[in-house]
Amino acid sequence: MPDSGPYDALVAHYEACLARHGDTPQGVDWPDAGGAATRYRIMAEAMRERDRVDVLDFGCGAGHFLDYLRQSDDRKLRYRGLDLSARFIDLCRRKYPGVTFDCMDVMQNEVVVPEADYIIMNGVFTERCGVAYETMFDTMTRLIARVFPHARKGMAFNLMSKHVDWEREDLFHVPYDRISHFVVGQLSRHHLIRADYGLYEYTVYVYKAAT
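Criteria and thresholds
- Residues numbered from 1 in each chain as written.
- Predicted model: local features only at pLDDT ≥ 70, side-chain atom pairs only at ≥ 80, totals over all residues.
- Heavy atoms only, no water.
- Helix = DSSP H or I, 4+ residues; strand = E, 2+ residues; numbered from the N terminus.
- Buried < 20%, exposed > 50% of the residue type's maximum accessible area, 1.4 Å probe, protein only.
- Contact = heavy atoms within 4.5 Å.
- Areas by Shrake-Rupley, 256 points an atom, 1.4 Å probe, with all protein chains shown as cover.
- Lys, Arg positive; Asp, Glu negative; His and termini not counted.
- Charge placed at Lys NZ, Arg CZ, Asp CG, Glu CD.
- Expected span 1.5 Å × (residues − 1).
- Arc of directions from axis to C-beta.
- Phe/Tyr/Trp six-rings, centres within 6.5 Å; stacked < 30°, edge-to-face > 60°.
- Pairing = 2+ DSSP bridges.
- Axes fitted to C-alpha atoms, helices over the stretch in contact; angles between N-to-C directions.

Engineer: Pulling in residues and values, what's your account of the overall build of the protein chain?
Structural biologist: Broken down by element type, the protein chain carries six helices and seven strands. If you list the helices and strands of the protein chain from N to C, you get α-α-β-α-β-α-β-β-α-β-α-β-β. Dimensions of the protein chain, computed from C-alpha atoms along their principal axes, come out at roughly 40 × 40 × 40 Å. Every one of the 211 residues in the protein chain was classed for burial, and the buried ones make up 54%. Counting only contacts in the protein chain whose residues sit at least 6 apart along the sequence, the fraction spanning at least 24 positions is 68%. Looking at the protein chain as shown, the accessible area adds up to about 9800 Å², and 50% of this sits on carbon and sulfur atoms. Taken as two groups, the 26 positive and 31 negative side-chain charges of the protein chain have centres that lie 5 Å from each other.

This is how it looks when you write it as structure tokens:
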């Protein structure tokens, strides 16, 4: 993510949520705990193996996905968190001693992106916060293209759906066909779009190989 430009606005927005609401779902700008738990479940289901799995929580925020995995997933998971916000990384390091959390801008050439079996990007692309639509789309696709080679097996990310009663200007609503064109053209033809979990969004699973 660039150290100036579109993600500055997003980092500032989420840090303001943390300052206002503390270490809660609202502190990472999810409306409620139930919806947040649903998203964590959908992200966890992207990981197809039942044995040991390495996972990179990209845009980890306050580390709530780690809480979900510890409470609800019986696989042997090795977790690592990454975020652009130093405030969130400081919080996570205090909460989870012994777990690796990185504060880094992966779009910097000298930065080495951590490798993992699966890279999870939950909520990284759901809000625009005033960033122009095409700027957001270009930033998103460049970031995903940068990160995907470091996922040994696959990745997952979510976006706001276009199939809603109305679209919010502060959110990032992306058509299925446009994201599919990008995924197939630049990442992998092995992908799945999930919109079966009751929220006004969808999640894209992208795999290195077929099931």
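Next, the rest of the story.
Engineer: So, helix α6 (residues 176–187): which residues are in play, and what are the values?
Structural biologist: In this model, α6 (twelve residues) spans 15 Å end to end at C-alpha, consistent with the 16 Å of a helix rising 1.5 Å per residue. Listed in full, the buried residues belonging to α6 are I179, S180, F182, V183 and L187. Seen along its axis, α6 keeps its buried residues to an arc of 160 degrees; they face one direction. In α6, the exposed residues that point more than 90 degrees away from the buried face are D177, H181 and G185. Looking at the buried side of α6, the elements it contacts are α5 (133–147), β5 (151–160), β6 (191–194) and β7 (201–207).

Engineer: Just give me the short version of the packing of aromatic side chains, but keep the residues and values in it.
Structural biologist: As enumerated under the stated definition, the model contains eight aromatic pairs in all. Arranged with centres 6.2 Å apart and planes meeting at 45 degrees, the rings of Y40 and Y68 form a pair that is tilted. On the criterion of sequence distance, the pair formed by Y40 in helix α2 (residues 33–44) and Y68 in helix α3 (residues 64–72) is long-range, its members being 28 residues apart. A single burial state applies to Y40 and to Y68, both of which are buried. On the numbers, 5.1 Å between centres and 55 degrees between planes, the contact of Y133 with F172 is tilted. Here Y133 is found in helix α5, whereas its partner F172 is found in the loop between β5 and α6, with 39 residues between them in sequence. With relative accessibility at 0%, the residue F172 sits in the buried group.

Engineer: I'd like to hear about the sheet that holds strand β1 (residues 53–58), residue by residue, with values.
Structural biologist: One open sheet holds the seven strands; their spatial order is β3-β2-β1-β4-β5-β7-β6, and the pairing between them is mixed. A strand with exactly one partner marks an edge of an open sheet, and here the two such strands are β3 (100–103) and β6. Here the average twist between neighbouring strands, direction ignored, is 20 degrees. Bridging between β1 and strand β2 (residues 77–83) involves six bridges; their strand directions are parallel.

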